[in-house]
Structure formats: C-alpha cells, structure tokens
Amino acid sequence: CIECGMCAVECPSNVNIPKLMLEAKSKYRAQAKPKTVERVLGNAGLVFEAGRLLAPVANVAMRQSALRGVGEHIAGIDRRRSLPDFSGKSLARRLRGRGRSNSSPATLDSYKGRVVFFYEMYANYNDPDLALIMEKLLHAHGVDVIFPPQRSSGILEMAYGLPAKAAATARYNLNATLPYVRAGATLVSGEPTASFAFRSHYADYVDGPTVTEVASATRDLGEFLYEWRAAHPDTAPAASPTDLVLAYHMPCHLKAQEVAHTFFDLVAEIPGVRLTDLSAGCCGMAGTFGTKAGSFEFSM
C-alpha cells in the first residue's frame with residue numbers, strides 16, 4: 001500500500017481503508033525491525049536537512065554512478081533514480097530574514113485575502129524558488145501570504161509505520177497554523193500530499209476539534225485560486241495570451257481530496273493554451289515508492 005487514498009474514493013461503502021492500512025503498518029512496525037531504506041525515508045526531515053548542509057558535495061555525489069551504487073547498497077535508493085539537487089539555502093532560512101514571514105495573525109487585517117502557506121519539504125529543501133513563485137502568484141491576486149513555522153506534512157512517518165513521530169508532527173503543524181485560521185486565513189498548500197494530510201490523515205493521529213477546524217480551512221493552491229478568481233472577478237488579474245501545448249496529470253493525493261477545481265481549470269482560462277487532460281492513473285513515483293531498489297522497475 002502506497003497510501004494514495006484512492007481506495008477510500010472508490011469504496012462504495014465509504015470504508016476508511018487508508019486509515020486501516022496505516023493502523024496495520026503501525027502494528028507491523030512495532031514488531032518488525034525496519035530496513036535501512038525505511039529508516040532513511042521514514043526520517044526524511046533529517047535526511048533533507050543533511051542534504052542541505054552538504055549540498056555542494058551531495059549534489060555532485062548524486063550524479064556519480066559509483067557513489068549511487070554505494071547509496072543503493074547502504075540506503076536502498078535505486079541507483080537508476082534521478083534525484084533532485086538540494087538547495088544550499090532552504091526556503092525556511094531564506095524567509096527568516098523577512099520581517100513579515102512569520103507575522104502574527106493581527107497583521108493580516110489590512111489585506112484583501114489571507115493565506116497561511118504550507119510549502120512541504122521539496123519546496124523547502126530542493127526548490128525554494130518554486131514556493132516564492134506561488135507566493136508571487138497569490139500576491140498578484142491581492143492575497144497576503146504568511147509562512148508559519150512548519151515541519152514536514154508527516155505523511156512519510158505515517159506510511160512507514162511511525163505513529164508517535166507522525167502524531168508529533170501533526171500536532172506541531174496544527175498548533176502553528178491554528179491561530180491564523182482562527183484569524184480568518186485559509187491554509188493553502190501547493191503540495192497535494194500536504195493538504196491531503198491536513199484534511200484526511202491528521203484526524204487519525206490527533207484528537208480534538210483543532211483538527212476539524214484546520215481541515216475545514218485547508219485548500220489546494222489551484223483550488224483556492226479558482227475559487228478566489230470566481231469570487232473576485234473584478235480584481236483577478238487577466239492571463240496574458242500565449243502559445244503553449246500542455247498536458248495535465250492530476251496527482252492521486254489531489255484526486256483523493258475530491259476537489260472540484262484544479263490547476264487544469266485555471267490554465268484552461270489562458271488564451272492560446274492547448275491543454276490536454278491525461279486522465280491517467282498513478283504516475284508511478286508514488287511518493288518514495290519509486291525511489292527504492294526493488295520497486296523501481298514496477299514504478300517505471
């Protein structure tokens with residue numbers, strides 16, 4: 001089970017199969033010693049932070065076939081899988097020097113729109129500019145963006161049967177975002193896995209009304225922008241004409257949230273874009289599944 005969440009969507013009896021699978025994984029992990037690859041991927045936050053600290057060396061090493069072979073033997077990451085470079089300066093570190101990045105909820109009152117943004121690990125450690133582009137897009141729509149303190153979404157800890165770590169991560173993220181949600185902000189993420197965690201999985205690890213309160217305020221970035229543009233047609237920026245042929249693949253974790261509108265609907269509004277919906281199933285990567293030796297071939 002790769003925790004794509006699609007079984008819950010497909011089940012005609014509305015059985016929460018993903019939750020049952022997470023419980024089974026947790027029970028199994030309590031009895032079975034994890035493999036090295038499971039230790040690595042189940043503690044991805046530490047691995048990503050180490051990659052950032054060692055970025056100049058790590059990025060070169062990941063391109064060397066011999067060293068990737070050693071990595072496969074030790075860590076269980078398939079040598080044929082291309083991995084993204086680490087950024088020498090994470091998004092979190094870049095944001096620390098900005099006065100409003102972690103503003104209090106009270107500072108949100110002067111803006112037309114209010115978003116508390118969850119960026120997840122890829123944007124934080126591999127491509128910080130991606131998150132800043134998303135911020136620029138929201139600003140262009142008159143929406144203020146606050147980046148709260150945050151950890152990973154916790155999905156990997158859940159998937160590798162580490163419930164205590166998953167619960168601690170969920171509580172941290174909920175407590176960090178709750179004040180902004182109560183001040184009227186919407187929790188938005190450009191990473192479907194993160195919004196899926198807030199909406200669906202945190203309730204499996206944390207009790208109390210906080211989970212429901214934050215989940216109700218959570219939106220995917222494409223979903224939020226589509227709703228915002230529909231509600232504010234006079235202020236939404238017009239798309240410039242272009243000449244592009246694009247194909248769209250909808251992630252499983254976005255399908256599992258059963259959102260009404262996605263980036264496909266937004267891009268379709270741009271004049272001159274010829275857009276195709278691939279209407280495909282799993283992309284094959286399936287989170288960390290496609291990185292592991294033993295599942296690479298099936299992934300491809």
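Residues numbered from 1 in each chain as written. Predicted model: local features only at pLDDT ≥ 70, side-chain atom pairs only at ≥ 80, totals over all residues. Heavy atoms only, no water.

So, about the overall build of the protein chain. A tally of helices and strands in the protein chain yields 17 helices and six strands. Taken over the C-alpha atoms alone, the protein chain extends approximately 55 × 45 × 45 Å along its principal axes. Taking all 300 residues of the protein chain together, 44% fall into the buried category. Working note: accessible area of the protein chain is about 15400 Å², and carbon and sulfur atoms make up 57% of it. Both charge centroids of the protein chain, one from 32 positive and one from 29 negative side chains, sit 8 Å from each other. (Helix = DSSP H or I, 4+ residues; strand = E, 2+ residues; numbered from the N terminus. Buried < 20%, exposed > 50% of the residue type's maximum accessible area, 1.4 Å probe, protein only. Areas by Shrake-Rupley, 256 points an atom, 1.4 Å probe, with all protein chains shown as cover. Lys, Arg positive; Asp, Glu negative; His and termini not counted. Charge placed at Lys NZ, Arg CZ, Asp CG, Glu CD.)

Within the secondary structure, C4 is located in the segment before α1 (6-10). For the pair C4 and A286, spaced 282 residues apart in sequence, the C-alpha separation works out to 7.3 Å. When near neighbours in sequence (up to four residues on either side) are disregarded, C4 contacts F196, C252, H253 and A256. (Contact = heavy atoms within 4.5 Å.)

Moving on to the pattern of salt bridges. Following the criterion strictly, the structure yields 10 salt bridges and no others. Residues D85 and R63 are paired through a salt bridge, measuring 2.5 Å at the closest nitrogen-oxygen approach. With D85 in the loop between α6 (65-75) and α7 (91-96) and R63 in the loop between α5 (55-61) and α6, this pair connects stretches of sequence that are 22 residues apart. Owing to a relative accessible area of 33%, D85 belongs among the partly exposed residues under this scheme. Between D243 and R274 there is a salt bridge whose closest N-O contact spans 2.8 Å. (Salt bridge = Lys/Arg side-chain N within 4 Å of Asp/Glu carboxyl O.)

One pass over the structure, following the stated rule, counts seven aromatic pairs. Ring centres 4.8 Å apart and planes at 55 degrees place the aromatic pair F198 and Y202 in the tilted group. Comparing F198 with Y202 shows no difference in burial state: the two are buried. Considering the side-chain rings of F224 and W228, the 5.9 Å spacing of their centres and the 20 degrees angle between planes classify their relative orientation as stacked. You can see F224 and its partner W228 sitting in helix α14 (residues 221-231), four residues apart, about one turn around the helix. Residue classification places F224 among the buried residues on the basis of a relative accessible area of 6%. Feature note: the residues F117, Y119 and F147 constitute an aromatic cluster, connected by ring pairs. (Phe/Tyr/Trp six-rings, centres within 6.5 Å; stacked < 30°, edge-to-face > 60°.)

Here the focus is the nonpolar core. The tendency in soluble globular proteins is for nonpolar side chains to be buried side by side. Of all hydrophobic cores here, the largest spans 22 residues; its most connected members are M158, L174, F198, Y202 and Y205. Of all the secondary structure elements, the ones that give two or more residues to this core are β1 (113-118), α10 (155-159), α11 (163-182), α12 (192-201) and α13 (209-216). Broken down by element, this core gets its largest block of residues, six residues, from α11. With sequence-adjacent residues up to four places away left out, Y205 is seen in contact with L22, M158, P163, A166, A167 and R171. Core analysis: the next-biggest nonpolar cluster, separate from the first, contains 18 residues, L95, V115, F147 and V188 among them. (Core = buried A, V, L, I, M, F, W, Y, C linked by side-chain atoms within 4.5 Å.)

Quick look at the confidence of the model for the protein chain now. Across the protein chain, the average pLDDT comes to 89, with 95% of residues at or above 70. Contacts of residues 106-111 to residues separated by more than four positions or lying in other chains number eight contacts, the stretch itself having pLDDT below 50. (pLDDT = per-residue confidence, 0-100.)

The next subject is the state of the cysteines. As enumerated under the stated definition, the model contains zero disulfides in all. With no disulfide partner, C11 has as its closest neighbouring cysteine sulfur the one in C7, 7.9 Å distant. The exposure class of C11 is buried, given its relative accessible area of 14%. In this structure C252 is a free cysteine whose sulfur lies 4.8 Å from that of C282, the closest cysteine sulfur available. (Disulfide = S-S within 2.5 Å.)

This next bit is on unusual backbone geometry. For E3, which is not glycine, the phi torsion reads 55 degrees and is therefore positive. As for its placement among the helices and strands, E3 is situated in the segment before α1. On the basis of relative accessibility, which here comes to 5%, the residue E3 falls in the buried class. In the Ramachandran plot, E120 falls in the positive-phi region, its phi being about 70 degrees despite a non-glycine side chain. In this structure, E120 sits in helix α8 (residues 120-126).

Turning next to the packing of helix α9 (residues 128-140) against α14. In contact at an axis separation of 11 Å, α9 and α14 are set at 10 degrees when each is read in the N-to-C sense. In terms of orientation, α9 lies roughly parallel with respect to α14. Here α9 contributes M134, L137 and L138 to the contact with α14, which in turn contributes L221, F224 and L225. (Axes fitted to C-alpha atoms, helices over the stretch in contact; angles between N-to-C directions. Parallel < 35°, antiparallel > 145°, perpendicular 65-115°, else oblique.)

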